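# Understanding the architecture of this molecule
The primary structure of each chain is shown beneath.
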Amino acid sequence: MTTALTVRTENLSVRFAGVPALDRLDLRLAPGKIHGLLGRNGSGKSTLAATLAGFRRPDEGRVLIEGGDLGPAQEPYENAVVTSRVCLIRESGDVPDSVPVRYALRLAAALRPYWDADLAAELVERFEIPQNKKIQKLSRGKKSALGVIVGLASRAPLTIFDESYLGMDVPSRHLFYDVLLADYAEVPRTIVLSTHLVSEVSTMLEEVVILDKGRLVTQSAVDALRGRGASIVGPAAAVDQFTAGFTVLAEERLGGTKSTTVLGDLDPVLLAQAASAGLEVGPVGLQDLFVHLTGVK
Ligand SMILES: Nc1ncnc2c1ncn2[C@@H]1O[C@H](COP(=O)(O)OP(=O)(O)OP(=O)(O)O)[C@@H](O)[C@H]1O
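Here the structure is a predicted model, which is why all the values come from computation and not from measurement. (Residues numbered from 1 in each chain as written. Predicted model: local features only at pLDDT ≥ 70, side-chain atom pairs only at ≥ 80, totals over all residues. Heavy atoms only, no water.)

## Focus: the domain arrangement of the protein chain
The following threshold applies: How far each domain reaches was decided by an automatic or database domain assignment. Whether two residues are in contact is decided by their heavy atoms: any pair within 4.5 Å suffices. Two parts placed together each lose some accessible area under a 1.4 Å probe, and adding up what both lose gives the buried area. Pairs of N or O atoms within 3.5 Å make up the polar contacts considered here, provided that, within protein, one atom can donate a hydrogen while the other can accept it, and that residues adjacent in sequence are counted only when both atoms are side-chain atoms. Each helix is a run of DSSP H or I of at least 4 residues and each strand a run of E of at least 2, with the numbering of both proceeding from the N terminus. When residues are grouped by polarity, Ala, Val, Leu, Ile, Met, Phe, Trp, Tyr, Cys and Pro land in nonpolar, Asp, Glu, Lys and Arg in charged, and all others, Gly among them, in polar.
Each domain of the protein chain was delimited in the assignment, giving domain 1 (6-223) and domain 2 (227-293). Distance from the C-alpha centre of domain 1 to the C-alpha centre of domain 2: 35 Å. The interface of domain 1 with domain 2 comprises 13 residues on the first partner and 6 residues on the second. Summing both partners gives a buried area of about 800 Å² for domain 1 against domain 2, and 73% of it is carried by carbon and sulfur. Between the two partners, domain 1 and domain 2, sit 3 residue pairs in polar contact (both at pLDDT 80 or more). Breaking the side of domain 1 that touches domain 2 down by element, the ones donating at least two residues are β3 (34-39), α7 (198-201), β8 (207-212), β9 (215-221) and α8 (222-226). In terms of residue class, the side of domain 1 that touches domain 2 is made up of 7 nonpolar, 4 polar and 2 charged.

## Let's talk about the sheet that holds strand β6 (residues 158-162)
Put simply, the test is: Strand pairing is defined by DSSP finding a minimum of two bridges between the two strands. The axes are straight lines fitted to the C-alpha atoms, using for helices just the contacting stretch, and the angles between their N-to-C directions are given from 0 to 180°.
Strand order in the open sheet formed by 6 strands is β5-β6-β7-β3-β8-β9, and the pairing between neighbours is mixed. Among the strands making up the open sheet, the edge pair consists of β5 (86-90) and β9. Within the sheet, the average angular offset between the axes of one strand and its neighbour, ignoring direction, is 15 degrees. Summarising the sheet, β8 and β9 pair through 6 bridges and their orientation is antiparallel. Looking at β9, one finds that D212 is bridged to R215. Contacts between helix α11 (residues 286-293) and the sheet are confined to β3, β8 and β9, with β8 contributing the most and set at about 25 degrees to the helix.

## Quick notes on the nonpolar core
Short version of the rule: Take the buried Ala, Val, Leu, Ile, Met, Phe, Trp, Tyr and Cys residues and link them wherever side-chain atoms come within 4.5 Å; each set so joined is a nonpolar core. Only protein chains enter the accessibility calculation, which uses a 1.4 Å probe; a residue is then buried when its area is under 20% of its type maximum, exposed when over 50%, and partly exposed in between.
In this structure, F127, Y165, F176 and L193 are the most contacted members of the largest nonpolar core, which totals 51 residues. When sequence neighbours within four positions are dropped, the list of residues in contact with L193 reads I34, H35, G36, L37, F161, Y165, F176, L180, V201, M204 and L205. Ranked by size, the runner-up nonpolar core spans 24 residues in total, among them A49, V82, V86 and L158.

## Observations concerning the environment of A50
Locating A50 in the fold gives a position in helix α1 (residues 45-52). With sequence-adjacent residues up to four places away left out, A50 is seen in contact with F55, R56 and L88.

## Here's the deal with the site of the ligand
Quick reminder of the rule: Put simply, a residue is near a molecule or strand once any heavy atom of it comes within 4 Å of that molecule or strand. Reported accessibility uses the Shrake-Rupley method at a 1.4 Å probe radius. Residues are deemed covered only where the shown protein chains occlude them.
The full set of residues close to the ligand is F16, A21, R40, N41, G42, S43, G44, K45, S46, T47 and E163. S43 is positioned such that a nitrogen or oxygen atom in its backbone is 3.1 Å from an oxygen atom of the ligand. A total of 630 Å² of accessible area belongs to the ligand in isolation, and the protein chains cover 56% of it. Within the shell around the ligand, the residues separate by chemical class into 2 nonpolar, 6 polar and 3 charged.

Laid out in structure tokens, this is it:
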């Protein structure tokens, strides 16, 4: 049976030629949740994903993985017991290129202790992957889909998708999200989705880690993060009057109606004022917060 794992990093740093890609990260990924690993290009997402999966040795600090039948915390690097329970799928698909699809699936079945062959077969059908074709002959999208299938059917207690679905078209990506949610409900495990497509995955995420230039910007439950701001919708003049003095994260206007996203907690007095001005107050979008927190202009 798959048992979700807990991941911790302590003062984790990874450097390339002396330049930090990860800079003293202290994180805790709770077991059995879907975590978003968010950051702009070059922020360190792939380096973190590879280090969590044991592909890379930290230059400083450590990664600790614990829980389930693993027992006490262990470091993943050069640790076959831990890495057999961790599946990292990168954009390349992380499958050998020169062999037919059916062989790659057999290989995954042999290597992955929690492999679900029925799920793999079902997904190969649903994503319409030609089983006899060599992987190098697949289109980029189908190659990505095969990687995703391996990631899902591995049912690893810690499963990390590092932008592995970006090559897929929109319907295929949505199929991936649907299958991921359904399978996660059936077999809970710790899932990390590394992405910059924040708006597309935001409804699936329970926790987020936001990186910027290798540093931790924030780690938070999505609900708590969304509570850091508010979106105010209503007649444009009333919205402008109400939001004057707030830090504005985003504005959108449609005819006489305006939606303004602001940073800050709205107390009950402000909420009552908004209601009496005919304004609707909702949570802030994750994408708007991400843009604000990572300084994208
Ligand atoms: N093998 C490597 N050699 C040298 N520098 C590297 C290497 N891998 C990553 N880096 C550098 O480390 C930093 C973090 O890169 P990383 O790929 O982890 O970021 P990322 O958030 O995954 O980016 P993206 O969204 O563009 O994939 C970048 O400055 C990158 O240039």
